[in-house]
Amino acid sequence: MPVRDDARYVEFVAANQQRLRRIAYLMTGDWQVAAAATQEALVRVYVEWPRAVRAGALATCARQSLVAAVAELAPAGTAAPAWADEPDTDRQVVVRALARLPLEQRQCLVLRFYDSLALDDCAAVLGCETAEVRARTAEGLVALRRELSRQGFDDMPLFSQQLEGVR
Amino acid sequence: MSELREIMLDAATPDRDWLADHHALLHEGRRRVRRRRLAIATAAAAATVLAAALAVAVASR
C-alpha cells in the first residue's frame, strides 16, 4: 500500500503549483484567491496521497481538489479584479468576462481550453457526465461571447471554431 | 492552438512569482491526516462499545 512519501509529495508540488495556480486564476480572476485555492488544493492532495497514488490519479486528484477549493473560496468569481482601474487589455477583458460566468461554465471552459482536458477527463474531474460537460462548455462559450459583446469588445475573436467544436 | 486557448495562456501570465509554502503544506496535511485517523478510530471505538452494549442487553434478557 502506498504511504505518504513527503519527498515525492514536495516534488509533485514543485512540478504542479504554477499550473494549478494559473487554472485557479482563470477560474477566479484574482491571483491571491488563486494562490489560496492552490495551497488548499495541495493540502487535500497530501491527505488523499495514498489513494491517489494507488489509483494512478494524482493529476486528477489535484484538479478535483482545486475545483473544490475554488468553489469554496470564490463561487461567484471576483467582481473587481486588482487591475480594474487600469486600461483594458484583451487578457484583462477575457478574465473579467470569465469571472462573470456561472462557476460550472467557468470550470468547463478553463479545463477544456486552458488545461486541454478531453471531455472524459473533464467529466471525471467535475464528477458529471460527458454530455453535461459538453453542454456547459457550449453554454459557457455563448455566455462568454455575450459578455464580451456587452463590454463593447465585439471585435475580439469570437471563438466560432470552438463553438463548432463542442456542438 | 485554438484562439481561446491562446488568449487564456496569455491571460494566465502571473503578475508576480509565487511558490507554495512546502512547510505549511506538510504541516497542515499531517494535521488533517491525524484528525481523520482520530475520527475513524473514534467511530470504530464507538461502534465497538455500542456492539458490546447490545450484546449485554441481549444476553440479560
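Residue positions are counted from 1 within each chain, in the order its sequence is given. Chains carry letters from A onward and ligands carry numbers from 1 onward, assigned in written order. Local features in this predicted model are restricted to residues whose pLDDT is 70 or higher, and side-chain atom pairs enter the listing and the counts only when it is 80 or higher, whereas totals over whole chains, interfaces and linings include all residues. Computation of side-chain values covers all heavy atoms of the structure but excludes hydrogens and water.

## A look at the interface of chain B and chain A
Contact definition: two residues touch when any of their heavy atoms are within 4.5 Å. Contact with chain B, which involves 29 residues of that partner, is made by 38 residues of chain A. Here chain B packs against chain A, burying approximately 3,100 Å² in sum over the two surfaces, 64% of which is carbon and sulfur. Considering only the surface of chain B that becomes buried against chain A, L4, M8 and W18 of chain B emerge as the three largest contributors, covering 23% of it. Salt bridge, as used here, is a side-chain nitrogen of Lys or Arg placed within 4 Å of a carboxyl oxygen of Asp or Glu. The tally of links between chain B and chain A comes to three salt bridges. Across the pair D6 of chain A and R30 of chain B runs a salt bridge, and its minimum N-O distance is 2.4 Å. Polar contact is defined as a pair of N or O atoms within 3.5 Å, subject to the rule that within protein one atom must be able to donate a hydrogen and the other to accept it, and that residues adjacent in sequence are counted only when both atoms are side-chain atoms. Our count for the contact surface shared by chain B and chain A stands at eight residue pairs in polar contact (both at pLDDT 80 or more). Of all the secondary structure elements, the ones that give two or more residues to the side of chain B that touches chain A are α1 (3-11) and α2 (22-59) of chain B. Segments assigned H or I by DSSP are reported as helices when at least four residues long, segments assigned E as strands when at least two residues long, and all are numbered from the N terminus. The biggest single contributor to the side of chain B that touches chain A is α2 of chain B, with eleven residues. Buried area adds together the accessible area that both of two parts lose upon being put together, with accessible area traced by a 1.4 Å probe.

## Thoughts on the UniProt feature "transmembrane region" (unreviewed entry) in chain B
UniProt positions are given in the numbering used here, feature names are shortened, and annotations may be inferred rather than shown by experiment. UniProt annotation of "transmembrane region" (unreviewed entry) refers to residues 38-59 of chain B when read in the numbering used here. Secondary structure content for residues 38-59 of chain B is 100% helix and 0% strand, and the end C-alpha separation is 31 Å.

## Considerations on the pattern of salt bridges
Following the criterion strictly, the structure yields 13 salt bridges over all chains and no others. Residue D115 of chain A pairs with R19 of chain A through a salt bridge whose shortest N-O separation is 3.5 Å. Note that D115 of chain A is positioned in the loop between α5 (103-114) and α6 (119-126) and R19 of chain A in helix α1 (residues 6-28), a separation of 96 residues in sequence. Between E40 of chain A and R32 of chain B there is a salt bridge whose closest N-O contact spans 2.9 Å. A residue pair is termed interchain when its members come from two chains, as with E40 of chain A in helix α2 (residues 31-54) and R32 of chain B in helix α2. Each member of the pair, E40 of chain A together with R32 of chain B, is buried. Whether a residue is buried, partly exposed or exposed follows from its accessible area with a 1.4 Å probe, protein chains only, as a fraction of its type maximum: under 20%, in between, or over 50%, in that order.

## Let's talk about helix α3 (residues 58-73) of chain A
A helix is expected to reach a length of 1.5 Å times the quantity of its residues less one. Between the first and last C-alpha of α3 of chain A there are 22 Å, a value that for 16 residues agrees with the 22 Å anticipated at 1.5 Å per step. Those residues of α3 of chain A hidden inside the fold are in contact with α1, α2, α5 and α6 of chain A.

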